[in-house]
Amino acid sequence: MKLMSSAPKRFLLRPCEPEDLPALERFAAASPVGITTLPNNRAALADRLARSCHAFATDDASGEEIYLFALQEICSEKTGGSDKVIGISGIAARAGFSDRFYSFRNEFVVHRSSALGVSTRVHTLHLCHDLTDVSLLISFHIDAAYAHTLAPQLLSRARLLFIAQHPERFADRLAAESAGIADDNGRCPLWDAVGRRFFGMDYPAVERLTGGRSKSFIADLMPPSPVYVPLLPEEAQWAIGQLHPVAELPFSILLDEGFDTDTYVDIFDGGPTVQERIAMLKTVSRSRMIAARCAEEKDLIPALSWQIVASSALGQFRAVLTQATTTLEEVTLDRVAFDALGVMPGERVRVAQLDVADLDVREVAPTDMPVNEVSR
Amino acid sequence: MNMGVTMNAVWQVRLAKSEDIAALSAFLPPATLELSDPSEHQADDQWLVAVPMAAALQSTAMGCIRVRRNIGLDQPRYWYHVGCVVHAAPDLGLFHRQRTLLIGNDYTGCTELTDIATHDRKLDISQRRMLTRLLVRSALLLLHRDHLLPFSEANPSLPAPTNKIIAGLPGLSDDLGIAPFWQGLGRHFYAGDIRLAQARFGALWLTHVAALLPRHPLVASLLNESAQAAIGCVHADAAVLQDALTELGLRAGEHVNLYDAGPVFEGDLELLRRVSGVYPRTLVVQADFEASGWCLLVKGAGSDADASNAQLCLIPARVNFQGELLISDESAQRLGLQAGDQVLAEEFKP
């Protein structure tokens, strides 16, 4: 573990607000074509933001909701920092709501010829709707300057606590798409080998053509029969299941959570689409509801461990990642974390331990870096 | 080298005999003769040889054709069906028609004309043309004759055949026999030595390799360009055979060979009979006979036919106003024909 030495930055995850529109624009504009589910369009972003605000406010969830979260540094005299949004992430309650959600499912078939004495194991990609109606983690963006801090851990995993806290709003299975191999112009080897044959245009052109509409119709143009991987050019074969460099960080978090990473890939760029039963995910299975207590100055806080702590509220959802001590009944938080959560003493919060020792974490880089870490 | 074979000669087309094997080995691939004996005839697998009736040639077989009926009933046979699928997104103005390949046994039960070969070293191109036409037409005439018979009399041991006749044409391959279609598709699923497989199993190697090939429809555009371009193309060396089949009314269907994507020509027997102008005739033998052309004939027609007789001949002949077939006394004696015999005949222009 490469952990910050002292006075670590503190972060707070909260629902996005209308005032976060510039931050969303910033992240959308910085993402290459095909990398993000955020439209690079102010009106579309504002609409998405409004949908998110409505989702957090409504008691009548239909499954159409998207929930967007903003991550910011906690500003206080003790920690310093600014309240700038340094990351966003989201959840779509149901993938492909009112439509179908397409994926390629990896399958292997064994062909055998007894006469020739040959068996071959053939990799195929099956166009499928398996993940329709599962919940979907979306729109993970973090400023590159914070990529190797604990910020992305909170940004990604706190969503799981939100889902665990409000299970009636989500499916029992969760998926997440990760960007696959593409060059700076958006050219994807898998798209060139498969999709282009059916569209006659490159992927960025398709993105422009669809104009942010549902992509399910794209799959209508794709072959319903399996794609036999050995028939594809080597470059395309190699791209199946591979990550775009900007997706490595969020993917590593999902991998640590226990998502299945081998079964599905994106139909456009071949990036892995992970999925798992929500109850099986590390943060969810570890989480428990206990009372929050604020440590006094005089308190000694032994047996410190890193905990993701989330309030149970819907519209006022808050989550922090902090060192704290827990018992079976309560979690003792320092003043900064306690205040950031906005809970009352004794109020029940959802807590899950994070194994920071297993993570590659270091202090915040002093300057902004040009590339954001992103997943869809 | 031309061995005195002339286009205007009497030819006999008959079942192969053991004494023909030496002649056949001059122009059939060794593996073919190792895996099958043309002189061993079965009701559903017959080899015909074309023999010029000239003393100088000592009745040497100059060409052969194999007629296989009810194919695929003992060992499955496979072909790719070349189909079409349309992918459309009307609201985006996108419409794409794609060729598809689906492996299947669609010609099971059909009759196949195969192993069509001529002694090319002894024949010039026009002779090869004539002989190839003769072989194909003879095979079809025999099938017409049997088709006109009550089926149980023609082949009592066989299930009723379909009327479809097929003939596979070789597709594109390089000088080493390597097919671009195989390079783009099959080799990804069978990396073994195909020559060894061919030598071991003959044409059945494709049956065994089919077990390793994709079972689901393949979109042809996912293959490399060379493989796509080869689908349905005929090797230049098969132009003579292609012309002969086309002349008789067979046409490329929607199926291709698994190895080289050569097309399978097909035709309905009843339609082919009309194209060929095959009719039952009564034979008239004349001493002072003057022929107006040539006829290919087989003895027996209708209830008079003998299914076991697979002897055909190409001789000078003429049809009179009564629709009878006139031949010379010399031809009748040489071929064992008699006035009043019922024959099935068609005009043949050498």
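Residues numbered from 1 in each chain as written. Chains lettered and ligands numbered in written order. Predicted model: local features only at pLDDT ≥ 70, side-chain atom pairs only at ≥ 80, totals over all residues.

**Student:** Teacher, can you tell me more about the overall build of chain B here?
**Tutor:** On a plain count of helices and strands, chain B comes out with 11 helices and 15 strands. Across the 350 residues of chain B, 43% fall into the buried class. Across chain B, contacts joining residues at least 24 apart in sequence account for 76% of those joining residues at least 6 apart. (Helix = DSSP H or I, 4+ residues; strand = E, 2+ residues; numbered from the N terminus. Buried ≥ 20, exposed ≤ 12 C-beta atoms within 10 Å, placed from the backbone. Contact = placed C-beta atoms within 7 Å.)

**Student:** Would you mind going over the overall build of chain A with me for this structure?
**Tutor:** Counting secondary structure elements, chain A contains 10 helices and 16 strands. A separation of at least 24 residues holds for 75% of the contacts in chain A among residues at least 6 apart in sequence.

**Student:** Even after reading the chapter, I still don't get the interface of chain B and chain A, so can you show me in this structure?
**Tutor:** Interface size is commonly expressed as the accessible surface area that is lost when the partners come together. Taken together, the contacts link 24 residues of chain B with 24 residues of chain A. Listed by contribution, the elements that provide at least two residues to the side of chain B that touches chain A are β4 (79-89), β5 (94-104), α6 (194-201), α7 (205-210) and β8 (218-219) of chain B. Class assignment for the residues of the side of chain B that touches chain A results in 17 nonpolar, seven polar and no charged. (Nonpolar A, V, L, I, M, F, W, Y, C, P; charged D, E, K, R; others polar.)

**Student:** What should I look at first to understand the nonpolar core in this one?
**Tutor:** Soluble, globular proteins show a tendency: their nonpolar side chains are buried together. Grouped together as the largest cluster of nonpolar side chains are 210 residues, with contacts concentrated most on A:L71, A:L154, A:V309 and B:L48. At 10 residues, the largest contribution of residues to this core is made by helix α3 (residues 125-148) of chain B. Apart from residues no more than four positions distant in its own chain, A:L71 is found in contact with A:F11, A:L13, A:V85, A:I86, A:G87, A:I88, A:A151, A:L154 and A:L155. (Core = buried A, V, L, I, M, F, W, Y, C linked by C-beta atoms within 7 Å.)

**Student:** Got a minute to help me understand the pairing of strand β14 (residues 325-328) of chain B in this structure?
**Tutor:** Where a strand is regular, its side chains alternate between the two sheet faces. Residue and element names in this part refer to chain B. Of the two faces of β14, both are covered, the one formed by L325 and I327 as well as the one formed by L326 and S328. Strand direction decides the pairing type here: strand β11 (residues 279-286) and β14, joined by four bridges, are parallel. Bridging from a neighbouring strand, L283 pairs with L325 of β14. Pairing analysis gives two bridges linking strand β13 (residues 312-319) to β14, with the strands arranged antiparallel. The partner of V319 across the bridge, within β14, is L325. The turn linking β13 back onto β14 is made up of five residues, and G323 within it adopts a positive phi angle of 85°. (Pairing = 2+ DSSP bridges.)

**Student:** Explain unusual backbone geometry here, please?
**Tutor:** All names here are of chain B. At N70, a residue that is not glycine, the phi angle is positive and equals roughly 55°. As for its placement among the helices and strands, N70 is situated in the loop between β3 (63-68) and β4. Looking at N70, the number of C-beta atoms within 10 Å reads 20, which means it is buried. At D115, a position not held by glycine, the phi torsion is positive, near 50°. Tracing the backbone through its elements, the reader meets D115 in strand β6 (residues 111-118).

**Student:** Can you help me understand the environment of B:D341 in this one?
**Tutor:** Residue and element names in this part refer to chain B. Take D341: it is sitting in the loop between α11 (329-335) and β15 (342-348). As a C-alpha pair, D341 and A291 span 50 residues in sequence and 18 Å in three-dimensional space. Residues in contact with D341, not counting those within four places in the same chain, are L283 and K299.

**Student:** I would appreciate a short explanation of helix α2 (residues 42-57) of chain A in the present structure.
**Tutor:** Structural remark: α-helix, 3.6 residues per turn; residues separated by three or four positions point the same way. All names here are of chain A. Compared with the 22 Å implied by 1.5 Å per residue over 16 residues, the 22 Å span of α2 between its first and last C-alpha is a close match. Buried within α2 are the following residues: L45, R48, L49, S52, A55 and F56. The arc that holds the buried residues of α2, viewed along the axis, is 120°, so those residues lie on one side. Facing away from the buried surface of α2 by more than 90 degrees, the exposed residues are A43, A50, H54 and A57. As for α2, its buried residues are in contact with β1 (11-15), α1 (21-30) and β2 (66-73). (Expected span 1.5 Å × (residues − 1). Arc of directions from axis to C-beta.)

**Student:** Help me understand helix α9 (residues 239-247) of chain B in this model?
**Tutor:** All names here are of chain B. All buried positions along α9 are accounted for by L241, Q242, A244 and L245. End-on view of α9: buried residues confined to an arc of 165°, all on one side of the axis. Remark: G249 follows α9 within two positions and exhibits a positive phi of approximately 100°.

**Student:** Any chance you could explain the pairing of strand β12 (residues 305-310) of chain A here in plain terms?
**Tutor:** Residues and elements named next belong to chain A. Within β12, five of the six residues are buried, which leaves the element mostly enclosed by the surrounding structure. For β12 and strand β13 (residues 319-326), the ladder comprises six bridges, and the chain directions are antiparallel. When the bridges of β13 are listed, I308 appears paired with L321.

**Student:** What exactly am I supposed to notice about the confidence of the model for chain A here?
**Tutor:** It should be kept in mind that the predicted coordinates are not to be read in detail where pLDDT is low. Chain-level statistics for chain A give a pLDDT mean of 86 and a share of 85% at 70 or above. Residue range residues 364-371 of chain A is modelled with pLDDT below 50. Its contacts to residues more than four positions away, or to other chains, number 13 contacts. (pLDDT = per-residue confidence, 0-100.)

**Student:** So what exactly am I meant to see when it comes to the packing of α1(A) against α2(A) here?
**Tutor:** Residue and element names in this part refer to chain A. Running from amino to carboxyl end, α1 crosses α2 at an angle of 125°, the nearest separation of the two axes being 10 Å. One way to sum up the angle between α1 and α2 is to call them oblique. Handedness of the crossing formed by α1 with α2: right-handed. Between α1, through L21, L24, E25 and A28, and α2, the contact on the second element is made entirely by R42, L45, A46 and L49. (Axes fitted to C-alpha atoms, helices over the stretch in contact; angles between N-to-C directions. Parallel < 35°, antiparallel > 145°, perpendicular 65-115°, else oblique. Left-handed = near helix turned anticlockwise from the far one by under 90°.)

**Student:** Which parts of the structure should I look at to understand the confidence of the model for chain B?
**Tutor:** Residues and elements named next belong to chain B. Mean pLDDT for chain B: 87, with 90% of residues reaching 70 or above. The secondary-structure element of chain B with the lowest mean pLDDT is helix α4 (residues 151-154), recorded at 52, while helix α5 (residues 180-184) shows the highest, at 97. Low confidence marks residues 1-5, where pLDDT is under 50. Its contacts with residues over four positions away, or in another chain, come to 14 contacts. Overall fold confidence for the complex sits at a pTM of 0.83, while the interface term, ipTM, reaches 0.79.

**Student:** In this structure, what is going on with the environment of B:S173? I would like to understand it.
**Tutor:** Residues and elements named next belong to chain B. The topology assignment puts S173 in the loop between β7 (164-168) and α5. Taking the C-alpha atoms as reference, S173 lies 9.7 Å from Y259; in sequence the two are 86 residues apart. Dropping the residues within four chain positions of it, S173 is found in contact with I178, A179, H235 and D260.

**Student:** Is there a simple way to think about the packing of helix α3 (residues 151-165) of chain A against helix α8 (residues 248-257) of chain A in this case?
**Tutor:** All names here are of chain A. In the contact formed by α3 and α8, the axes pass within 10 Å of each other and the chain directions differ by 55°. When the interaxial angle is binned, α3 and α8 end up oblique. Once α3 is placed against α8, the crossing between them reads as right-handed. Along the contact surface, α3 presents P152, Q153, S156 and R157, while α8 presents L249, P250 and I253.

**Student:** What is the right way to look at the environment of A:G87 in this model?
**Tutor:** Residue and element names in this part refer to chain A. Residue position: G87 is located in strand β3 (residues 85-92). Placed 56 residues apart in sequence, G87 and S31 show a C-alpha to C-alpha distance of 13 Å. Beyond its immediate stretch of four places on either side in the chain, G87 contacts L71, H141, I142, D143, Y146, A151, P152 and L155.

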